[in-house]
Amino acid sequence: MAEIAAGSSKTFAEKHAERMARLKQLHTQRNEARASNHQEVIAEHERKKLPANWEARKRQAEWLIGDLKARTEAEESGMDYNRVKMLNVSAAEVDRIDKLKAKKRNADPGFSDYEAQTARQYSRLVKAMPARDLAKYEEQKEKYGDAFYGGPNVILQGLHKDTPAAIDSMVKDLEGQIAKRKKFSRRRTHNDDADIDYINEKNARFNKKLERFYGEHTAEIKQNLERGTAI
């Protein structure tokens, strides 16, 4: 009751002054919000002028600066920076980085020579093999003795018999290779005006390879043979 009485005891001038002070405060807050919004609009406009990868480049620059600073401090302290850095990296982060590197790495750089192609195919077939049964491995090793490792004077015929599952796996893999080879093959256009210097398609492909590698060195010999002037 005392508070109500105190509030009712205020004069009109006091009430008007309080309202004006509150209105002034609201005007100040509105001006501050307007200025803040204007600054945000300007900042957004400036960000739109930046390149699309600006944030990533900024983070990379900050990381490089921090990495250089940490490396300098480690060298001044006489510590190996690589070891210090690995102490602060979790196993999950290392696994993630390894997966990213493996994903970026080109496992098949293309055809270089037949030896490299055969090595890549061998590695692919080995990776596709099922996990080794160590118990069966030791059993066969004990059963065959010295013949288990083979050698120049060891007769392996009849010692080992392939299981139906192994035969089916081999057939399935060969069928997959044939299907893949058909998928990537393309029909070559036949030129009726070209010289016929082959006896079948395989020989034609072989002659093209010879021409590609040795054509510039054997062009004169080939012309002499065709004219009958070769010595």
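- An unreviewed UniProt entry lists the protein chain under the name Pre-mRNA-splicing factor SYF2, with Anopheles minimus given as the organism.
- The annotation that UniProt attaches to the protein chain under Function (unreviewed entry) is "Involved in pre-mRNA splicing."
- Under the UniProt heading Subcellular location (unreviewed entry), the note attached to the protein chain is "Nucleus".

## Description of the pattern of salt bridges
Alright, step 1. Tallied over the entire structure, the rule returns four salt bridges.
Alright, step 2. When the shortest N-O distance is used, the salt bridge between Arg 71 and Asp 67 registers 3.9 Å. Of this pair, Arg 71 and Asp 67 both sit in helix 3 (residues 54-76), separated by four residues, roughly a single helical turn.
Alright, step 3. Residue Arg 71 is classed as partly exposed on the basis of its relative accessible area of 30%.
Alright, step 4. Residue classification places Asp 67 among the buried positions, given a relative accessible area of 13%.
Alright, step 5. Between Lys 99 and Asp 95 there is a salt bridge whose closest N-O contact spans 3.4 Å. Here Lys 99 pairs with Asp 95, and both are found in helix 5 (residues 91-104), just four residues apart, close to one helical turn.

Parameters at a glance
- Residues numbered from 1 in each chain as written.
- Predicted model: local features only at pLDDT ≥ 70, side-chain atom pairs only at ≥ 80, totals over all residues.
- Heavy atoms only, no water.
- UniProt positions renumbered as here; feature names shortened; annotations may be inferred.
- Salt bridge = Lys/Arg side-chain N within 4 Å of Asp/Glu carboxyl O.
- Helix = DSSP H or I, 4+ residues; strand = E, 2+ residues; numbered from the N terminus.
- Buried < 20%, exposed > 50% of the residue type's maximum accessible area, 1.4 Å probe, protein only.

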